[in-house]
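A look at the structure
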Amino acid sequence: MADAAIGAVRQPHQTWSNWPTFILAVAGSAVGLGNIWKFPYITGENGGGAFVIVYLACIAIIGLPILTAEIMLGRRGRMSPVNSMIALARDANRSRYWGLLGVMMMLAAFLILSFYSVIAGWAIPYVGQALVGSFADATPDEIGGIFGGLLASPWQLLLWHTVFMALTVGVSGIGVKAGIERAVTILMPSLFIILAVLIIYNMMADASSFDKAVKFMFNPDFSKLTSEAILTAIGHAFFTLSIAGGAVFAYGSYLDSKASIGVTSVAIAGIDTLVALMAGLAIFPIVFANGLEAGSGPGLVFVTLPIAFGQMPGGQIIGTLFFVMLVFAAWTSSISMLEAIVEWLQERGLSRGKASATVAGSAWLLGLTTVLSLNLWKGFHPLGFIERFEGKTLFDLYDYLTANIMLPLGALLMAVFAGWIMTRASTEEELATSGPIYRVWYFLIRYVAPIGIGAIFIANLG
Ligand code: PFF
């Protein structure tokens with residue numbers, strides 16, 4: 001039982017080979033569909049510049065300190081989020097109900113994984129399409145038709161969802177060193193290079209559209225900003241940094257006690273933000289050059305980029321590589337979503353392979369409801385009687401519930417725990433500093449993060 005595990009000396013189950021690999025693994029978790037698929041389309045839906053600025057501010061003053069806190073809690077707890085939270089609460093003489101925070105984080109990751117796998121699955125057939133040249137000289141309408149055809153077919157979606165989940169469980173089941181580490185060291189740097197190639201292509205192909213895209217992304221028009229957009233921005237800041245899904249927590253629990261958590265967090269937030277902005281610069285110039293709609297929603301990446309691939313020299317190869325990278329980026333994230341629950345099941349005596357298969361199998365099953373939301377159940381809006389959820393399918397609701405409610409709430413509670421429940425001495429010890437940077441962190445985590453998240457929640461109740 002949990003208590004037995006807590007009574008023992010807290011030893012990590014396993015450790016990373018070295019600190020840089022840990023950074024890559026967390027960056028692998030952070031960089032994913034959130035950066036390349038979600039960030040551009042929600043930026044488009046929320047009007048561009050002002051949204052981007054709020055998002056960047058949320059990353060810097062709320063996301064980054066909480067990312068630091070989550071890694072710290074994981075490393076100090078040395079167990080799965082539930083058992084770590086129980087142990088840390090006990091250390092501070094507080095209620096074991098703090099364990100529920102761990103449960104919520106694991107649940108959030110589970111829910112996210114269920115639909116994440118379906119979306120990542122979209123990218124797999126695109127690899128083949130790009131490779132055989134289906135996008136060559138195709139009109140935007142034809143390319144839109146390819147995407148529409150995919151979403152309309154439950155069987156195709158089911159197939160790719162299944163393939164993606166199998167890939168995820170394949171790596172996760174092998175374990176941290178052989179599976180996760182090996183995957184991220186190759187995949188992450190390649191992704192970066194492909195995005196850079198796309199941006200350079202955009203700059204050279206159509207400088208004025210590139211200019212428009214830069215203005216769209218960075219010239220704020222605050223009149224377009226609603227309180228819901230701010231909630232979306234903060235929710236996305238957590239989603240993109242993998243905060244409060246227990247992934248970073250679990251990875252932190254395997255981290256060597258000498259590694260600097262502060263430096264790690266800054267590096268990860270930096271890489272993650274850079275990739276999101278790069279994805280925007282890869283996508284929006286094409287949107288503007290082809291008269292497409294920036295606010296067209298989740299299909300944005302799957303409709304815009306193929307247009308560019310169809311026109312650019314070498315587009316067949318670059319397009320193929322891009323979708324391979326998209327699958328890889330999503331893959332290193334989905335693996336991390338399993339980790340917290342897998343760690344917990346291992347603590348309860350399950351083998352690693354069995355634990356991974358159980359979690360992935362259940363998430364796969366739940367994912368079927370997302371598959372159907374895209375076609376046969378498209379008109380099924382379970383909470384349609386509430387104004388805010390009008391027109392939202394089950395998939396939309398999972399996305400809303402996790403990104404806009406569970407992750408911010410988990411983040412808020414982690415900030416309260418790190419800032420108010422743990423003693424200052426223990427956070428200083430774990431972060432190995434008490435200097436000015438520590439004091440800034442402490443201030444942000446105690447006041448700015450809880451008040452900021454709380455205020456945004458309250459503003460959205462109305
Ligand atoms: N950060 C991932 C992305 O941007 O795609 C998504 C994610 C991973 C969210 C792990 C939550 C999580 F626990």
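Rules and cut-offs
Residues numbered from 1 in each chain as written. Predicted model: local features only at pLDDT ≥ 70, side-chain atom pairs only at ≥ 80, totals over all residues. Heavy atoms only, no water. Helix = DSSP H or I, 4+ residues; strand = E, 2+ residues; numbered from the N terminus. Rg over C-alpha atoms; globule rule 2.2 N^0.38 Å. Buried < 20%, exposed > 50% of the residue type's maximum accessible area, 1.4 Å probe, protein only. Contact = heavy atoms within 4.5 Å. Core = buried A, V, L, I, M, F, W, Y, C linked by side-chain atoms within 4.5 Å. Salt bridge = Lys/Arg side-chain N within 4 Å of Asp/Glu carboxyl O. Phe/Tyr/Trp six-rings, centres within 6.5 Å; stacked < 30°, edge-to-face > 60°. Lys NZ or Arg CZ within 6 Å of the ring centre and 35° of its normal. Lys, Arg positive; Asp, Glu negative; His and termini not counted. Polar contact = N/O pair within 3.5 Å; in protein donor to acceptor, adjacent residues only side chain to side chain. Axes fitted to C-alpha atoms, helices over the stretch in contact; angles between N-to-C directions. Parallel < 35°, antiparallel > 145°, perpendicular 65-115°, else oblique. Nonpolar A, V, L, I, M, F, W, Y, C, P; charged D, E, K, R; others polar. Near = heavy atom within 4 Å. Areas by Shrake-Rupley, 256 points an atom, 1.4 Å probe, with all protein chains shown as cover. Expected span 1.5 Å × (residues − 1). Bend = angle between axes of the 7 residues up to and from the residue. pLDDT = per-residue confidence, 0-100. Patch = residues over 30% accessible without salt bridge, like charges linked within 9 Å, V, L, I, M, F, W, Y side chains within 5 Å. Left-handed = near helix turned anticlockwise from the far one by under 90°.

Looking at the overall build of the protein chain
If you tally the helices and strands in the protein chain, you get 19 helices and 0 strands. Taken over C-alpha atoms, the radius of gyration comes to 21 Å for the protein chain, in line with the 23 Å a tight globule of 462 residues would show. Overall, the protein chain is about 65 × 45 × 45 Å in size when its C-alpha atoms are taken along their principal axes. Burial statistics for the protein chain: of 462 residues in total, 58% are counted as buried.

Quick notes on the environment of Pro313
Relative to the helices and strands, Pro313 is located in the loop between helix H14 (300-311) and helix H15 (315-347). Taking C-alpha positions, Pro313 is 9.9 Å from Ala136, a pair spaced 177 residues apart along the chain. Other than its neighbours up to four places away in sequence, Pro313 contacts Tyr201 and Ile318.

Section: the nonpolar core
Ranked by internal contacts, the top residues of the largest apolar core, which has 164 residues, are Ile66, Trp122, Phe302, Phe322 and Phe323. Per-element tally for this core: the top contributor is helix H6 (residues 99-131), with 21 residues. Beyond its immediate chain neighbours, meaning those up to four positions away, Trp122 contacts Trp37, Phe147, Leu150, Leu151, Leu157, Pro298, Phe302 and Leu374.

Observations concerning the pattern of salt bridges
One pass over the structure, following the stated rule, counts 8 salt bridges. Note that Glu430 and Arg75 form a salt bridge whose closest N and O atoms lie 2.8 Å from each other. Taken together, the positions of Glu430 in helix H18 (residues 424-431) and Arg75 in helix H4 (residues 49-77) put the pair 355 residues apart, joining distant regions of the chain. Exposure class is identical for Glu430 and Arg75. Each is buried. We note a salt bridge from Arg424 to Glu428, for which the minimum N-O separation is 3.0 Å. You can see Arg424 and its partner Glu428 sitting in helix H18, 4 residues apart, about one turn around the helix.

Quick notes on the packing of aromatic side chains
Per the counting criterion, the structure on display carries 27 aromatic pairs. Geometrically, the ring pair formed by Trp122 and Phe147 is edge-to-face, given 5.3 Å between the ring centres and 80 degrees between the ring planes. Of this pair, Trp122 sits in helix H6 while Phe147 sits in helix H7 (residues 140-152), placing them 25 residues apart in sequence. Side by side, Trp122 and Phe147 carry an identical accessibility label, which is buried. With 5.7 Å between their ring centres and 45 degrees between their planes, Tyr438 and Trp441 make a pair best called tilted. Here Tyr438 pairs with Trp441, and both are found in helix H19 (residues 436-461), just 3 residues apart, close to one helical turn. Each member of the pair, Tyr438 as well as Trp441, carries the same accessibility label: buried. Put simply, the rings of Trp37, Tyr41, Trp122, Tyr126, Phe135, Phe147, Phe302, Phe309, Phe322 and Phe323 pair up and form one aromatic cluster. The ring of Phe239 has Lys38 lying over it, and the distance from NZ or CZ to the ring centre is 4.5 Å.

Let's talk about the side chain of Glu343
Note that Glu343 resides in helix H15. For the buried Glu343, which has no salt bridge, the nearest side chain bearing the opposite charge is Arg78, at an N-O separation of 8.0 Å. Within polar-contact distance, the side chain of Glu343 engages the side chain of Ser253 at 2.7 Å.

A closer look at the packing of H6 against helix H8 (residues 154-174)
Two elements in contact, H6 and H8, have axes whose closest approach is 7 Å; the angle formed by their N-to-C orientations is 105 degrees. By the angle class used here, H6 and H8 are roughly perpendicular. Counting all contacts with H6, which are made through Leu113, Ser114, Ser117, Val118, Ala120, Gly121, Trp122, Ile124 and Pro125, the residues of H8 involved are Leu157, Trp160, His161, Val163, Phe164 and Met165. Tallied by class, residues from the contact of H6 with H8 come to 11 nonpolar, 4 polar and no charged.

Some words on the site of the ligand
The ligand sits among 16 residues. The nearest are Ala30, Gly34, Tyr116, Phe239 and Ser242. Between the ligand and the protein, one listed contact pairs a nitrogen atom with a backbone N or O atom of Thr240 at 3.2 Å. Burial of the ligand by the protein chains amounts to 100% of its free accessible area of 340 Å². Put simply, the parts of the chain that give the shell around the ligand at least two residues each are helix H2 (19-30), helix H3 (33-45), H6, helix H11 (227-240) and H15. For the shell around the ligand, the class distribution of residues is 7 nonpolar, 9 polar and no charged.

Some points on helix H16 (residues 352-373)
For H16, with 22 residues, the first-to-last C-alpha span of 32 Å sits near the 32 Å given by 1.5 Å per residue. The largest bend in H16 comes to about 25 degrees, at Leu366. Where H16 is concerned, the buried positions are Arg352, Ala355, Ser356, Val359, Ala360, Ala363, Gly367, Thr369, Thr370, Val371 and Ser373.

Some details on the confidence of the model for the protein chain
The predicted model of the protein chain averages 91 in pLDDT, with 95% of residues at 70 or higher. Counted against residues more than four places away or in other chains, residues 1-9, with its pLDDT under 50, gives 10 contacts.

Notes on a nonpolar patch on the surface
Together, Tyr97, Leu100, Val103 and Leu107 line one region of the surface with nonpolar side chains, adding up to about 420 Å² of accessible area. Structurally, Leu100 is set in helix H6.

Concerning unusual backbone geometry
The phi dihedral of Asp137 is positive, around 55 degrees, even though this residue is not glycine. Positionally, Asp137 belongs in the loop between H6 and H7. Not every positive phi belongs to a glycine, and Ser242 is a case in point at roughly 60 degrees. Considering the arrangement of structural elements, one finds Ser242 in the loop between H11 and helix H12 (247-253). Given a relative accessible area of 13%, Ser242 falls into the buried group.

Points about the packing of H7 against H14
When two helices pack together, their arrangement is given by the angle between their axes and by how far apart the axes lie. The geometry of H7 relative to H14 is characterised by a closest axis approach of 9 Å and an angle of 135 degrees between their N-to-C directions. The orientation of H7 with respect to H14, classified from their angle, is oblique. Crossing of H7 against H14: the hand is right-handed. The segment H7 lies against H14, with Pro140, Ile143, Gly144 and Phe147 engaging Phe302, Val303, Pro306 and Ile307.

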